[in-house]
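One letter stands for each residue in the lines below.
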Amino acid sequence: MTHLWVRAEQRPNEERVGLTPEGAAALVQAGIRVTVEKSSVRAIPLKGYVAAGCGIVEENAWPRAPADAIIFGLKELPEDGTPLTNRHIMFGHAYKGQPAGQVLLKRFKAGGGVLYDLEYLVGEDGRRVAAFGYWAGYAGAAVSLKCWAAQQRGGIAGPVRKAASKEALLAELGAELAGLERPRAIIIGALGRVGTGAADLCRAMGVAVTKWDMAETASGGPFPEVLEHEIFLNCILARPGCPVFVPASARTDPRKLTVIGDIACDPTSDFSPIKVYDRATDWDAPALRVHDDPSLDVTAIDNLPSLMPVESSVDYAAQLLPSLLTLEALDKGVWGRAKVEFDMHVAGV
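Each value, and the rule that gives it
- Residues numbered from 1 in each chain as written.
- Predicted model: local features only at pLDDT ≥ 70, side-chain atom pairs only at ≥ 80, totals over all residues.
- Heavy atoms only, no water.
- Helix = DSSP H or I, 4+ residues; strand = E, 2+ residues; numbered from the N terminus.
- Rg over C-alpha atoms; globule rule 2.2 N^0.38 Å.
- Buried < 20%, exposed > 50% of the residue type's maximum accessible area, 1.4 Å probe, protein only.
- Axes fitted to C-alpha atoms, helices over the stretch in contact; angles between N-to-C directions.
- Parallel < 35°, antiparallel > 145°, perpendicular 65-115°, else oblique.
- Left-handed = near helix turned anticlockwise from the far one by under 90°.
- Contact = heavy atoms within 4.5 Å.
- Nonpolar A, V, L, I, M, F, W, Y, C, P; charged D, E, K, R; others polar.

Explain the overall build of the protein chain here, please?
Along the backbone of the protein chain there are ten helices and twelve strands. Against the compact-globule benchmark of 20 Å for 349 residues, the protein chain has a radius of gyration of 21 Å, which places it among compact chains. The C-alpha extent of the protein chain, read off along each of the three principal axes, is 60 × 45 × 35 Å. Across the 349 residues of the protein chain, 52% fall into the buried class.

The following block contains the structure:
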């Protein structure tokens, strides 16, 4: 029997989950054994999983899971260097040259385990079968506007915290923007899930948006138009051949740009299209000031959907469930393609 083990997230400020109780019930009905760890932070209560027929175990018990269990989480595992023996479903952030990702792959190689990277679960058309993109874009645009509002008042953005709901986030942001003339934003990747979420947030806040996608960036740059907007929202994943949208010279180039929201957030990748910063920001310090006079702040939080954990979990889990229902055929379809991707990258470490 296929055994899916849903682990508790161990990263700070991570309350999302990739399987809802309704999805768990569907898996159980399909003959898949589901084990769910208790969690002190998960946004969706445990009682729903109990009612769905899941087995319940202690928080962070996954290192002692049976060898045949498929461990399912979202964000990073603790970086303790231990070999990884199980099959894992998670966002590995390991295939674009990231230093931490190379360490992760070595752990899989040492233990004989397998990574089914959620970012690389794709259909026959090459499109991802599930993504948190919309809510990443929505929350990323909100944080970027918070950074801009703080600049207008002579400061830098303070800590951000989980929003109780979409409506609560909009009310909070509206209060921070009160009395300020709205900036202009340019979104690259505007036609995708991330860009759509970012544009929807901007629209709700009365921010004028210039929408760019593949057609507008096909020339490969440079793109002086980016510097002519107060806010730039990057919604394009870093991949080989990705053009540079913000060169290192942008710090001192003439510009109206004062806030970069790198919603895709892959600063350590060799293919990052934003060259003015080299590390992610976080909830406690969402803005990284990379230049003064005039100010240029970068916000690059890599778990943005966690700011809206219930909405983003429900949306993502619904997208992923059809693939989870095919777990008994791990050598085929989305899982088979993800395994090929893993084999190619693990061979190089």
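What is the right way to read unusual backbone geometry from this model?
Glycine aside, the phi torsion of most residues is negative, and most peptide linkages are trans. Gly221 connects to Pro222 through a cis peptide bond whose omega is 5°. Following the sequence through the fold, Pro222 ends up in the loop between helix 7 (214–217) and helix 8 (224–227). Cis rather than trans, the peptide bond between Asp293 and Pro294 has omega equal to 0°. Along the polypeptide, Pro294 turns up in the loop between strand 11 (288–291) and strand 12 (296–299). The phi dihedral of His93 is positive, around 50°, even though this residue is not glycine. Positive phi values are uncommon outside glycine, yet Cys265 reaches one of about 50°. Note that Cys265 resides in the loop between strand 10 (259–262) and strand 11. Note on Cys265: relative accessible area 10%, which makes it buried.

What should I look at first to understand the packing of helix 4 (residues 133–152) against helix 5 (residues 166–177) in this one?
When two helices pack together, you describe them by how their axes are tilted relative to each other and by the distance separating the axes. It is the contact of helix 4 with helix 5, at a shortest axis distance of 9 Å, that shows an interaxial angle of 20°. The pairing of helix 4 with helix 5 is recorded here as roughly parallel in orientation. Judged by the twist between their axes, the crossing of helix 4 over helix 5 is left-handed. Touching Trp135, Tyr138, Ala142, Leu145, Lys146, Trp148 and Ala149 of helix 4 are Lys166, Leu169, Leu170, Glu172, Leu173, Glu176 and Leu177, all from helix 5. Here the contact of helix 4 with helix 5 is composed, by residue class, of ten nonpolar, no polar and four charged.

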